[in-house]
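# Overview (structure and organization)
Chain by chain, the residues:
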Amino acid sequence: MWKKAYWLIKEVGPVSLFSLAVYRLGIKSGYYHWLTPIGGKKLSHLPPLRADVFILPDPIKLSEWNHLRGEDGIAEAEEILAGKVRLFGGAPQPLNLKPPHPNRHWSVLREQGVEGDIKQIWEPARLGWAFPLGRAYRLTGDERYARCFWIYWEQFLENNPVNGGENWLSAQEVALRLMALAFAVQVFETSPWFNKERKRNVAESIVHHARRIEVTLLYARAQNNNHLLSEAVGLLLAAYLLPDWEEARRWRQTGWKWFKWAIEHQIEADGEYIQHSTNYHRLMLTLALIAHRIARLEGIPLTQGIREKLRLASAWLQGVMDETSGQALNLGHHDGAHLLPLGGHSEDFRPILQASTAAFTGERALPGGGWDELAHWFGLDLSRLPQQISQPALGGVRRLGDVTEWASLRAKKFTNRPAHADQLQVELWRHGVRLVSDAGTYAYNLPPPWQNGLALAELHNAPVFNRQQPMLRAGKFLWLNWDQAQFVEKKAVENEIVCAERYGYRRLGVQQQRRLEWVQRGCWKVTDRLLPLHPRLTSGQVSLHWLLQDGKWKPEDNGILMDYGEFQVRVSLNSQPSFTLEFKVVRAGQVLKGKPEEGLDTLLGWFSPTYLVRQPAISLWIQADVHLPVELQTDFEICAR
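Attention in this report is confined to the structure presented alongside it. Keep in mind the model is a prediction, meaning the values are calculated, not measured.

### With respect to the side chain of His420
Relative to the elements of secondary structure, His420 occurs in the loop between strand E4 (405–410) and strand E5 (426–430). According to the relative accessible area criterion, His420 is buried, its value standing at 1%. In this structure the side chain of His420 is engaged in a polar contact, spanning 3.4 Å, whose partner is the side chain of His460. With sequence-adjacent residues up to four places away left out, His420 is seen in contact with Gly332, His333, Asp438, Gly440, Thr441, Asn452, Leu454, Ala455, His460, Met471 and Trp479.

Here it is, written out as structure tokens:
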């Protein structure tokens, strides 16, 4: 208990802990219940709405972008007309806007108080389905799409009274809903279905949303993550949409204050976002683009310091993205957030990279393509911008190889809370295919082991000593006594070898070193050394996991051969000095070779590309009782057939 308290104060900080305590006092005392009554306070004399946040593309351009991406521009909208929605970019499922407890005040509800995962309730209420409907309306002018949005919007209002139910529980969810609403107001502005009565209820709703955000901004400040950034931009947007409303000036001031603070404090010196997550990095850049657009519309450009932070963040994203596929390293938490799905599917990071690079550097990150669409919606003229020449210099990730074949090594000196126990994680790509990858997230709130279980060290592609976590896990999202790592530059050979050290197991008397080497095209070598820090430590158990792309497989004497049709991947392992290596192969939680182990096996053999989606993969699990020092070598050989 005292150890946990010590690390909480040291690493989370007394200011955040105090803010969180004040927020919880507001909940328990009933203060927030009194301040935000169910139904909200009565409003009158609402001013007219603005509807010019985005630049609406003409149907011809939309058709061109759809063609370049090989997409049908109205298929998803037709699914929504039929009552189905693709939550988190997954398969279609019924669109349900009614929460379990619509008549209970948000302050008495808890995220754990619902059956299943509360994000299944929150996601449809973010109104993300407005975007495919809006695009289809721009393409066709078909009033069915406008009518569909307004019918669902009124269902939301009916089933989610102001401040009542799960969809008012999180102020961040409220803020993200505002952004989709701003889009719908503009894209459906000319539709006869957007009548005077609906304009009024939208204006009323914007006021209630902004008030809900403002009341608990203290909680977002305590979290110091994308909650704060989302809520700041939500207030900016509400103030912009209703500029003549009496509270708009205060919302604008508060929004800009915390937006600027968040950008300055949440983007690290190497451009990596504070949450150490590729998907939350995209969310941050999307929110920054909205703020950038509002700043331009209001004639108040972002400061050079803010733009420089966002330039670094855009460059960081480019460094972890595979340009062939548009996918990126599956680093950290992935909750499926895809705030503005305009320009590509949820796993394509090219739209946000192109738009953010254009906005914050005045250059194009990529050649033209279907991913240019998002930039257009923000009024960014890509045709006038030069192609970017410089390559990003990453901090917590290094990559070797080229565009068609590359690998990465993770080594981060944390100054903010880690997301996953993923130090020394290696991923390997070939022609846009993940051959070796991070498992992802899958779920935060399902029954065990699916409560962020994939964040554990055993599920990453790095050695684990004596089956111990390299950090103190103090909660579903909280690690303490951080596992630090650094690159050892003096041992690196540019684009051929990169080396790093990890310190999380020093408390057990062990130091880890990892070297990633690009031997030649199709040949990669990973060397792990475990060194004793004092003479008395002579032995222990080392385990190593490699998560491989699903495919046909067959065991070999010292590894596994994966067959992907056009090519094969041979994974071979040995140790120096030589020890007996126990091999296990797991696919989709089922042990196919080796000794079963209750608990861990359930989590092995899965890859989660987005939230609540998991796909079979092949886990190669290696375990050995060793004497230290020991060296494990893993060779990856990619062979064309």
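### Considering the pairing of strand E22 (residues 618–627)
Here E22 lies mainly inside the structure; 8 of its 10 residues are buried. Looking at chain direction, strand E14 (residues 539–548) and E22 are connected through 10 bridges and run antiparallel. Of the residues in E22, the one forming a bridge with Leu547 is Ser619. For strand E18 (residues 582–587) and E22, the ladder comprises 6 bridges, and the chain directions are antiparallel. What sits directly across from Glu582, in E22, is Gln623.

### Here we look at the pattern of salt bridges
A side chain with one charge can pair with a side chain of the opposite charge if their charged atoms come near. Applying the stated criterion across every chain yields a total of 35 salt bridges. A salt bridge links Arg200 to Glu204, with the shortest nitrogen-to-oxygen separation between them at 3.0 Å. Highlighted residues: Arg200 and Glu204, both in helix H10 (residues 196–215), separated by 4 residues, approximately one helical turn. The exposure class of Arg200 is partly exposed, given its relative accessible area of 37%. In this structure, Arg384 engages Asp381 in a salt bridge whose closest nitrogen and oxygen atoms are separated by 2.9 Å. For Asp381, a relative accessible area of 36% gives the class partly exposed. Connected via shared salt-bridge partners are Glu268, Asp270, Glu272, Arg410, Lys412 and Asp422.

### Description of the nonpolar core
Nonpolar side chains in soluble globular proteins generally cluster together in the buried interior. By size, the foremost hydrophobic cluster in this structure holds 153 residues, and its most contacted members are Trp129, Leu133, Phe149, Phe188, Phe259, Leu310 and Leu340. For this core, the element with the highest residue contribution is helix H9 (residues 171–187), accounting for 12 residues. Excluding anything up to four places from it in sequence, Leu310 contacts Ile263, Ile267, Met284, Leu285, Ala288, Leu302 and Phe360.

### Some details on the packing of aromatic side chains
Evaluation of the coordinates by the stated rule reveals 27 aromatic pairs. Both rings, one in Trp129 and one in Tyr152, keep their centres 5.5 Å apart while their planes meet at 65°; by these two values the pair is edge-to-face. Of this pair, Trp129 sits in the loop between helix H6 (119–125) and helix H7 (130–140) while Tyr152 sits in helix H8 (residues 143–159), and the two are 23 residues apart along the sequence. Assigned by exposure class, Trp129 and Tyr152 land together as buried. Measuring from centroid to centroid gives 5.8 Å for Trp256 and Phe259, while their planes differ by 80°, and the two rings are edge-to-face. Here the residue Trp256 and the residue Phe259 both occupy positions in helix H13 (residues 248–266), the gap between them amounting to 3 residues, near one helical turn. Given the relative accessible area of 11%, Trp256 is considered buried. A network of ring pairs unites the aromatic residues Trp129, Tyr137, Phe149, Trp150, Tyr152, Phe188 and Phe194 as a single cluster. A cation over an aromatic ring shows up here: Lys199 above the ring of Phe194, its NZ or CZ 5.5 Å from the ring centre. Directly above the ring of Trp106 sits Arg212, whose terminal nitrogen or CZ lies 3.7 Å from the centroid.

### What about the sheet that holds strand E23 (residues 630–640)?
In space, the 8 strands of this open sheet follow the order E10-E11-E12-E13-E23-E17-E16-E15, with antiparallel pairing throughout. What marks the edges here is a single partner per strand, and that holds for strand E10 (485–487) and strand E15 (552–556). Across the sheet, the mean angle separating the axes of adjacent strands is 15° when strand polarity is ignored. As paired strands, E15 and strand E16 (residues 559–563) are joined by 5 bridges and run antiparallel to one another. If you follow Lys552 over to E16, its bridge partner there is Asp563.

Cut-offs and rules
- Residues numbered from 1 in each chain as written.
- Predicted model: local features only at pLDDT ≥ 70, side-chain atom pairs only at ≥ 80, totals over all residues.
- Heavy atoms only, no water.
- Helix = DSSP H or I, 4+ residues; strand = E, 2+ residues; numbered from the N terminus.
- Buried < 20%, exposed > 50% of the residue type's maximum accessible area, 1.4 Å probe, protein only.
- Polar contact = N/O pair within 3.5 Å; in protein donor to acceptor, adjacent residues only side chain to side chain.
- Contact = heavy atoms within 4.5 Å.
- Pairing = 2+ DSSP bridges.
- Salt bridge = Lys/Arg side-chain N within 4 Å of Asp/Glu carboxyl O.
- Core = buried A, V, L, I, M, F, W, Y, C linked by side-chain atoms within 4.5 Å.
- Phe/Tyr/Trp six-rings, centres within 6.5 Å; stacked < 30°, edge-to-face > 60°.
- Lys NZ or Arg CZ within 6 Å of the ring centre and 35° of its normal.
- Axes fitted to C-alpha atoms, helices over the stretch in contact; angles between N-to-C directions.

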